[in-house]
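Close look at the chain arrangement
Here is what each chain is made of, one letter per residue.
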Amino acid sequence: MSDNSTRSGIELSPVYGPGASNGGSYEEKLGDPGEYPFTRGTRAFTGQGWIQRELSGEGDAKRSNEQFKYLMDLGQTGLDVIGDSPTMSLMDPDHPLARYTVGTQGVSLCCHDDYRELLDGIPLDQMSISSSSPSMFMVASLFLLAEERGVSPASLRGSVIEWPFYSEHCSYAYKMPFDLHLRMSCDVIEFCSKEMPRFHGFLEDTYFFSEAGLNAVEEAALGFVEIRHIVKTLVERGLDVDSFAPRIAILTNCSMDFFEEIAKIRAMRRIFARMMKEEFGAQDPRSQAVNIAVHTSGLSLTTEQPANNIVRGAVQTVALGLAGVSALEISTFDEGYRTPSKQAHLVGLRTQQIIDLETNINSVQDPFGGSWFMESLTDEVEAKILAMVDDIESRGDPADLVESGFFKQFFHGTMGRYHHQVHDGDVVKVGMNVHQMPPDEDTLLRDISEEKIEPLFDRIEKLGSYRTSRDQPRLLASFQQLHDVIQTDENMVPAVLECTRAGATMGEVAGIMRQAWGTPYDPYGYLESPLGGGR
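This structure is a prediction, so every number in the text was calculated from the model and none was measured.

Conventions used here
- Residues numbered from 1 in each chain as written.
- Predicted model: local features only at pLDDT ≥ 70, side-chain atom pairs only at ≥ 80, totals over all residues.
- Heavy atoms only, no water.
- Helix = DSSP H or I, 4+ residues; strand = E, 2+ residues; numbered from the N terminus.
- Expected span 1.5 Å × (residues − 1).
- Buried < 20%, exposed > 50% of the residue type's maximum accessible area, 1.4 Å probe, protein only.
- Polar contact = N/O pair within 3.5 Å; in protein donor to acceptor, adjacent residues only side chain to side chain.
- Pairing = 2+ DSSP bridges.
- Contact = heavy atoms within 4.5 Å.
- Axes fitted to C-alpha atoms, helices over the stretch in contact; angles between N-to-C directions.
- Patch = residues over 30% accessible without salt bridge, like charges linked within 9 Å, V, L, I, M, F, W, Y side chains within 5 Å.
- Areas by Shrake-Rupley, 256 points an atom, 1.4 Å probe, with all protein chains shown as cover.
- Salt bridge = Lys/Arg side-chain N within 4 Å of Asp/Glu carboxyl O.
- Lys, Arg positive; Asp, Glu negative; His and termini not counted.
- Charge placed at Lys NZ, Arg CZ, Asp CG, Glu CD.
- Core = buried A, V, L, I, M, F, W, Y, C linked by side-chain atoms within 4.5 Å.
- 1 Å grid on protein atoms, 1.4 Å probe; cavity = no way out; pocket = protein on both sides within 12 Å on 5 of 7 lines; lining within 4 Å.
- Points joined across faces, edges and corners; volume = space filled by probe spheres on them.
- Disulfide = S-S within 2.5 Å.

What follows covers helix α9 (residues 216–236). Residues spaced three or four apart along an α-helix point in a common direction, a consequence of the helix completing one turn every 3.6 residues. For α9, which comprises 21 residues, the first-to-last C-alpha distance of 30 Å matches the rise-based estimate of 30 Å (1.5 Å per residue) to within 8%. Most of α9 is tucked away: 18 of the 21 residues are buried. One side-chain oxygen of the residue at the start of α9 lies 3.1 Å from the amide nitrogen of valine 217, identifying that residue as asparagine 215.

In structure tokens:
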């Protein structure tokens, strides 16, 4: 990457003037905020800022609930929860491979009692609740919690991430066959469109895989490959696109390439709008206007001089405010080491609040609109995204590409490329490859950052007691019902709800799904299925 190019390789001119953009009418390419093709924003000017939240989750559900309430007391306006590695891998905390990671990189969640404790005292019908934990199980517990508290599930707001097709190659390994993975996503989206219509059951998370060294164009292109494939699958089921598309949202990354990240978000809104209207025939303007939320890049952070990460988060937040995102959370100064500490949460949230309230950043919507430079860059980013989408789709169906190892090879390439860019100084990181400090002088915030989160070994013992306390006949009947439903075309969420009511754990339900699909109950070969039939 040269000094005169973006991370995606787009060459930049020192000065831009008339004629820099690719032409086209204002209405065709931009439109006012809140008007097709939504390049300038999905809503007309309101003067309001974004939903402010910080990624939360540590230890058990009780500890994470305390985090939520601490942040709410500080003025946070939405919740965002991340599961620990076992949770994100559909593995219960007492699985032999999970023992030493329980609660260390997020909150440990495996049954409905955990979600009860996690959201205790949180007003479900007033607070937007977003989750990076497995969508099928988060939706099931949210739905049941609403019923238990006398709250209409139709009033719930928030989102769940649908696992990227590429997760196995760049993040968490959930060990689900591609077709089962796709069906789970589509079932959740369909269920939410009918039972939880204000809730985003389809959050396309490009952040998940972008941290594997992808640039802005690659991140967006892989996201649109997924979005198109899932929307096609839902339409082939017979769903009207306008019945679910209004609740599609995208969670993107934000690197330190300030202008390219703004252009990426503007281009993604335009691509989405045209795809929904021109390809899928969406008539509802809400189906064409995608909400974009952002988590700032953890990959941009350094373990060296962690205080520098506060500046990185602030710069990224300014870019996102100018881009008009709907919600964001900052990767905090200690995330090179751990999930956010209490002190890092405070700094991250206050960074958002200062930029929101003290800079006048929300006084003008899309202030770069009409800029010769920004419109040219948005056009170029859009063109490169579409070209890459076409290239990937020309190679085959996503299922075939996953099976053939195409994406595995792709991610190995991007990881290696980024490593070399940092090592060679092509990607500059202050404190890491320039302006280093001796370790004995690099002490600012290091004591907080290096504080370790210990595994929750007692949670494993408690789960053993929980398992023996359940109504076993009811539990086995719910497993058999789920097994039978998976053999049909029925939506599996109601059967998962029954399993959840009966006290099933996430690992058990995931295992029954695999077994019903004809694959091993436990892909690692340790556990026996409660329905028999081996491991």
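Moving on, we come to the sheet that holds strand β3 (residues 78–81). Strand order in this open sheet of nine strands is β1-β9-β8-β7-β6-β5-β4-β3-β2, and the pairing throughout is parallel. Of all strands in the sheet, those with a lone pairing partner are β1 (51–52) and β2 (55–56), marking the two edges. Along the sheet face, α9 touches β6 (199–205) and β7 (248–254) and points at about 135° away from the line of β6. Docked against the sheet, helix α13 (residues 308–323) engages β7, β8 (291–296) and β9 (327–329), running at close to 170° with respect to β8.

Now for helix α15 (residues 372–394). Over its 23 residues, α15 extends 33 Å from the first C-alpha to the last, a length consistent with the 33 Å expected when each residue adds 1.5 Å. One or two residues past the end of α15 sits glycine 396, with phi positive at roughly 140°.

Together, Asp179, Asp397, Asp400 and Glu403 line one region of the surface with negative charge. The residue aspartate 397 is located in the loop between α15 and α16 (398–404) in this model. Take aspartate 397: its relative accessible area is 34%, and that puts it in the partly exposed class.

Bringing the pattern of salt bridges into the picture now. Throughout the structure, instances matching the rule amount to 35 salt bridges. Of the charged contacts in the structure, one is a salt bridge between aspartate 366 and arginine 40, with a shortest N-O distance of 2.5 Å. With a gap of 326 residues between them, aspartate 366 in the loop between α14 (342–358) and α15 and arginine 40 in the loop between α1 (26–29) and β1 connect regions that are remote in the sequence. Looking at aspartate 366, the relative accessible area reads 5%, which means it is buried. When salt bridges with common partners are traced through the structure, they connect Lys29, Arg270, Arg274, Asp379 and Glu382 into a single cluster.

Side chains of a nonpolar character, in soluble globular proteins, are inclined to be buried together. Ranked by size, the top nonpolar core spans 79 residues in total, and within it Met276, Ile385 and Phe411 carry the most contacts. The greatest single-element share of this core, amounting to ten residues, is contributed by α9. If sequence neighbours within four positions are ignored, phenylalanine 411 has contacts with Tyr166, His169, Cys170, Phe209, Ala212, Leu214 and Leu222. Grouped together as the second largest cluster of nonpolar side chains are 57 residues, Ala61, Ala140, Phe143 and Val151 included.

Turning next to the side chain of serine 529. By the secondary structure assignment, serine 529 is in the segment after α22 (506–516). A polar contact is formed between the side chain of serine 529 and the side chain of glutamine 515, at a distance of 2.6 Å. At a separation of 3.1 Å, a polar atom in the side chain of serine 529 contacts the main-chain amide nitrogen of leucine 531.

Let's shift gears to the pairing of β8. Burial of β8 is extensive: six of the six residues sit out of reach of the surface. Looking at chain direction, β7 and β8 are connected through six bridges and run parallel. Among the inter-strand pairings, leucine 251 is bridged to a residue of β8, identified as alanine 293. Note: β8 against β9, three bridges, orientation parallel. Opposite valine 294, over in β9, you have leucine 328 as the bridge partner.

Under the definition given, this model contains five cavities of 30 Å³ or more. Empty space within the largest cavity amounts to approximately 80 Å³. Around the largest cavity sit Cys110, Cys111, His112, Tyr115, Phe137, Ala140, Ser141, Thr500, Ala504, Thr505, Met506 and Val509, which together line it. Elements with a minimum of two residues in the lining of the largest cavity: α4 (112–118), α5 (135–149) and α22. In this structure, the second largest cavity occupies an estimated 50 Å³ of space. Lining the second largest cavity, in full, are Asn309, Ile310, Gly313, Ala314, Ile330, Ser331, Thr332, Phe333, Ala344, Val347, Gly348 and Thr351. For the lining of the second largest cavity, the elements supplying multiple residues, two or more each, are α13 and α14.

Looking now at the state of the cysteines. Working definition of a disulfide: a covalent bond connecting the sulfur atoms of two cysteines. Enumeration according to the criterion identifies zero disulfides in this entry. With no disulfide of its own, cysteine 186 lies closest to cysteine 192 among cysteine sulfurs, the gap being 12 Å.

Further remarks concern unusual backbone geometry. Only a minority of non-glycine residues have a phi that is not negative, and only a minority of peptide bonds are not trans. In this structure, the amide linkage connecting tyrosine 36 to the following residue, proline 37, adopts the cis form with an omega of 5°. By secondary structure assignment, the location of proline 37 is in the loop between α1 and β1. In this structure, histidine 435 takes a positive phi of about 55° despite not being glycine. Along the chain, histidine 435 falls in the loop between α17 (406–424) and α18 (446–449). The exposure class of histidine 435 is exposed, given its relative accessible area of 62%.

Without other data, these values stay purely geometric and don't point to any function.
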